[in-house]
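Here is how the chains run, residue by residue.
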Amino acid sequence: MKTSEFLSVLKQHQDKSLLFEYAPDKLVGANYHITEVKNITVDSVDCGAGTDFWKETIVQLWESPKEKGKRDFMSVYKALAILNKVDRIKPMVQDAEIKFEYSNEDFHTAQLFVNDYALDNNSLVLKLSVEKTDCKAKETCGVEPKSEVKEEVSAGCSPESGCC
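The residue numbers shown here count from 1 along each chain, following its written sequence. In keeping with the model being predicted, local features are shown solely for residues with a pLDDT of at least 70 and side-chain atom pairs are shown and tallied solely at 80 or more, while totals for entire chains, interfaces and linings include all residues. Excluded from the side-chain calculation are hydrogens and water; included are all heavy atoms of the structure.

This part covers helix α2 (residues 76-89). Secondary structure is summarised from DSSP: a helix means a run of H or I of at least four residues, a strand means a run of E of at least two, and numbering begins at the N terminus for each. Given a helix with a known number of residues, its expected span is that number minus one, times 1.5 Å. For α2, with 14 residues, the first-to-last C-alpha span of 20 Å sits near the 20 Å given by 1.5 Å per residue. Note on contacts: a residue pair qualifies if any of its non-hydrogen atoms lie within 4.5 Å across the two residues. Summarising the contacts, the buried residues of α2 are in contact with α1 (3-12), β1 (17-23), β3 (32-45), β4 (51-63) and β7 (123-129).

In structure tokens, the structure reads:
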């Protein structure tokens, strides 16, 4: 989801509570805070010597231990006010992918993508998901697509392939 699409969804549902589902049927606690918004520029070189460049918006979610029993989730209205304030100070790149950085005692720190969202009478639930790492230079490195890989044959990069 792009930052602009995320903000648009928020603007349309300001009367709801904002919930984040970080794994199936697992919600970020109602005691969460938006603690940081990062404008990230990625300027990379992959293992096949290909270069790439893109921007991302990372919103950090943190659960306050002092508010562990809290039951009421942050409103979309409040979240939008926080993000609008951030945008006035450090403008967010509207066409950048938005991700949410989160962890708790049972879930490792991860940058999560918005996979989908759901609405009910009271809530906007952002369904987040982990995107697994992948080789961007499969052709250069001789890596076959997953469906074509034979279990008994390693299709990985060998030292002489020119792939790291």
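After that view of the structure, there is still more to cover.
Another aspect to go through is the sheet that holds strand β6 (residues 107-119). What the 7 strands build is an open sheet, ordered β2-β1-β7-β6-β5-β4-β3; its pairing is mixed. Since the sheet does not close on itself, it has two edges, and those belong to β2 (26-27) and β3, each with one partner. Two strands are said to pair when DSSP picks up at least two bridges between them. Relative to β7, β1 runs parallel, the two being bridged by 5 bridges. Each residue of the ladder has a partner; that of S17, found in β7, is S123. Contacting β1, β4, β5 (97-104), β6 and β7, α1 runs over the sheet at an angle of about 75° to β5. Axes here mean lines fitted to C-alpha atoms, for a helix over just the part in contact, with angles spanning 0 to 180 degrees between N-to-C directions. With respect to the sheet, α2 is in contact with β1, β3, β4 and β7, its orientation differing from that of β3 by roughly 50°.

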